[in-house]
Amino acid sequence: MTSTYARTTTSAWRNWAGTVTARPARAESPASVDELAEVVRRANADGLRVKAVGTGHSFTAAAATDGVLIRPDLLTGIRDIDRTAMTVTVEAGTPLKRLNAALAREGLSLTNMGDIMEQTVAGATSTGTHGTGRESASIAAQIRALELVTADGSVLRCSAEENPEVFAAARIGLGALGVITAITFAVEPVFLLTAREEPMGFDRVTAEFDELVTENEHFEFYWFPHTGNCNTKRNNRSGGPAAPPGRVSGWIDDELLSNGVFQVACSLGRAIPATIPSIARLSSRALSARTYTDIPYKVFTSPRRVRFVEMEYAVPRERAVAALRELKAMVERSPLKISFPVEVRTAPADDIALSTASGRESAYIAVHLYRGTPHRSYFTAVERIMTAHSGRPHWGKIHTRDADYLAEVYPRFGEFTALRDRLDPDRLFGNDYLRRVLGD
């Protein structure tokens, strides 16, 4: 059969944070589902494993392979908008930022999203990307149907009605069940959100945490290590009118302070760690309150130009404050110098087998360090705290947990691995990361 693949390369692949490098035997960019299925069949015949990669925003080696790397650059765009069912079907390689902009032009929006939108829709959902929400959950929880190419090269469609046992797992599938080719999301008419950003002390935030979560549709906060200072953000639906940040003030807050000045501060802190506590005190005190109203993706997301490494754990929501206080005490008694704020968000329970919020209301505690800063001591200490609270690590962020631990904290872990055994018994879609987190 003559190949019709749009592009075949053999160059090395590196993720966004620079923490993972892979050199696949070949990289393919299929331009259609049929071409992708043929890529899978040919790789199988050649004895090569297969992994699909998005934009590389995972900090783990979830997408790394020495076999065939599938780049979905040509599988992009909206296939269909169903205004009766209020769904949109989108090709797997579509970046979230392009989907959000396209939906806005159609007067539509996702209900919730994370705080960055560089990822592809398949990459974001497969690793459990989430935002924060009282009732609205992760991006994967908004999936109504999906299509994937399985290990034998067949195209499988699944939803709550069609292949429901696959649908229950594949919405957050880690790339272990097949290569996703299209996703159908629930959407709603575009709406306005009012964001209220406000500095608040750590003791007050933690004392009022349950109240703040309950009273707001979306609540999150950042704690600045080495200080008692936090910055809170409350997003709630608004009747309008739209009142986005001014061009100058928005640039100052989102580009100059959050990226430009922060980049300089992180570089200085990495070079001279002793300066970090002073920088943290100055930067946290410089925060000021602001309120603005805009369409969802312009409120939920923000540019992230300072590169970092990250660990994030989901703990039962009722344990969040205790875990965070333990983290703060650990930092204060240790010689660690932490330049990045700690981010705290929440999510309702959902019904996806390997979702970090599967079956329980969850709070997310995320720790970051500037790229190039040694992170092992800090992340190891944080992980010890989070696992003591039955924490579940984010699938796309740095962690050291294995299948034995994960089987304990995910009640439906065996359901997922049994499905994997059925769909990919020879581990065509396997790699070292999946062997660690899912077992052989």
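For the structure itself, consult the block above.
From a predicted model like this one, the values you see are computed outputs, not experimental measurements. (Residues numbered from 1 in each chain as written. Predicted model: local features only at pLDDT ≥ 70, side-chain atom pairs only at ≥ 80, totals over all residues. Heavy atoms only, no water.)

Colleague: Explanation requested: the overall build of the protein in the structure shown.
Modeller: Counting its regular elements, the protein contains 14 helices and 21 strands. What you see for the protein is a C-alpha radius of gyration of 21 Å, in line with the 22 Å of a compact globule of 440 residues. Along the first, second and third principal axes, the C-alpha set of the protein runs to 65 × 50 × 40 Å. Counting the 440 residues in the protein, one finds 58% classified as buried. (Helix = DSSP H or I, 4+ residues; strand = E, 2+ residues; numbered from the N terminus. Rg over C-alpha atoms; globule rule 2.2 N^0.38 Å. Buried < 20%, exposed > 50% of the residue type's maximum accessible area, 1.4 Å probe, protein only.)

Colleague: Honestly, the sheet that holds strand E17 (residues 290–294) in this entry has me stumped. Any pointers?
Modeller: The strands making up a sheet are joined through hydrogen bonds of the backbone, oriented either antiparallel or parallel. An order of E17-E14-E16-E15-E19-E20-E18-E21 is seen for the eight strands of this open sheet, with the pairing classed as antiparallel. Either end of the sheet is taken by a strand with one partner, and the two such strands are E17 and strand E21 (392–393). Contacting strand E18 (308–316), strand E19 (342–347) and strand E20 (362–370), helix H11 (residues 376–388) runs over the sheet at an angle of about 10 degrees to E18. (Pairing = 2+ DSSP bridges. Contact = heavy atoms within 4.5 Å. Axes fitted to C-alpha atoms, helices over the stretch in contact; angles between N-to-C directions.)

Colleague: Sorry if this is basic, but what is going on with the side chain of His-368 here?
Modeller: Secondary-structure assignment places His-368 in strand E20. Side chain to side chain, His-368 and Glu-310 meet in a polar contact 3.3 Å long. Non-local contacts of His-368, meaning those with residues more than four positions away in its chain, are made with Phe-308, Val-309, Glu-310, Ile-338, Phe-340, Pro-341, Glu-343 and Tyr-378. (Polar contact = N/O pair within 3.5 Å; in protein donor to acceptor, adjacent residues only side chain to side chain.)

Colleague: Mind showing me how you'd approach the environment of Thr-380 here?
Modeller: Relative to the elements of secondary structure, Thr-380 occurs in helix H11. Residue classification places Thr-380 among the partly exposed residues on the basis of a relative accessible area of 38%. Between the alpha carbons of Thr-380 and Ala-17 there is a distance of 19 Å; along the sequence they are 363 residues apart.

Colleague: Help me understand the environment of Trp-395 in this model?
Modeller: Looking at the secondary structure, you find Trp-395 in the loop between E21 and helix H12 (403–409). Sequence separation between Trp-395 and Pro-411 is 16 residues; the distance between their C-alpha atoms is 16 Å. One polar contact links the side chain of Trp-395 to the main-chain carbonyl oxygen of Leu-354, over a distance of 2.7 Å.

Colleague: Looking at this model, I keep getting lost on the pairing of strand E11 (residues 155–159). Mind explaining?
Modeller: Successive residues of a regular strand alternate their side chains across the two faces of the sheet. Looking at chain direction, strand E10 (residues 143–149) and E11 are connected through five bridges and run antiparallel. What sits directly across from Leu-148, in E11, is Leu-156. Linkage of E10 to E11, two consecutive antiparallel strands, is achieved through a turn of five residues, within which Gly-153 is found at a positive phi near 85 degrees.

Colleague: Explain the nonpolar core here, please?
Modeller: Among soluble globular proteins, nonpolar side chains are generally buried collectively. Phe-185, Trp-395 and Leu-438 are the most contacted members of the largest nonpolar core, which has 59 residues in total. Beyond its immediate sequence surroundings of up to four residues, Trp-395 is in contact with Thr-60, Thr-127, Ile-172, Leu-174, Leu-354, Leu-406, Tyr-410, Tyr-433 and Val-437. Within the second largest apolar cluster, 44 residues are counted, among which are Ala-17, Phe-209, Val-367 and Met-386. (Core = buried A, V, L, I, M, F, W, Y, C linked by side-chain atoms within 4.5 Å.)

Colleague: Hey, could you run me through unusual backbone geometry in this one?
Modeller: Glycine aside, residues mostly have negative phi angles, and peptide bonds mostly take the trans form. A cis amide bond links Gly-240 with the next residue in sequence, Pro-241, at an omega value of 5 degrees. Its location among the elements puts Pro-241 in the loop between strand E16 (229–238) and helix H7 (247–271). The residue Leu-174 is not glycine, and still its phi comes out positive at about 60 degrees. Assignment of secondary structure puts Leu-174 in the loop between helix H4 (164–170) and strand E12 (179–186). Its identity as a non-glycine residue notwithstanding, Ser-390 has a phi of 60 degrees, on the positive side. Mapped onto the fold, Ser-390 is located in the loop between H11 and E21.

Colleague: Even after reading the chapter, I still don't get the pattern of salt bridges, so can you show me in this structure?
Modeller: Where charged atoms of side chains with opposite charge meet at close range, the side chains can pair. Tallied over the entire structure, the rule returns 30 salt bridges. Across the salt bridge formed by Arg-401 and Glu-383, the nearest N and O atoms sit 3.6 Å from each other. A residue pair is termed long-range when its members are at least 10 positions apart, and Arg-401 in the loop between E21 and H12 and Glu-383 in helix H11 qualify at 18 residues. A salt bridge links Arg-435 to Asp-432; the nearest nitrogen and oxygen atoms lie 2.7 Å apart. Remark: Asp-432 and Arg-435 occur in helix H14 (residues 432–438); sequence separation between them is three residues, near one turn of the helix. You can call Arg-435 partly exposed: its relative accessible area is 39%. (Salt bridge = Lys/Arg side-chain N within 4 Å of Asp/Glu carboxyl O.)

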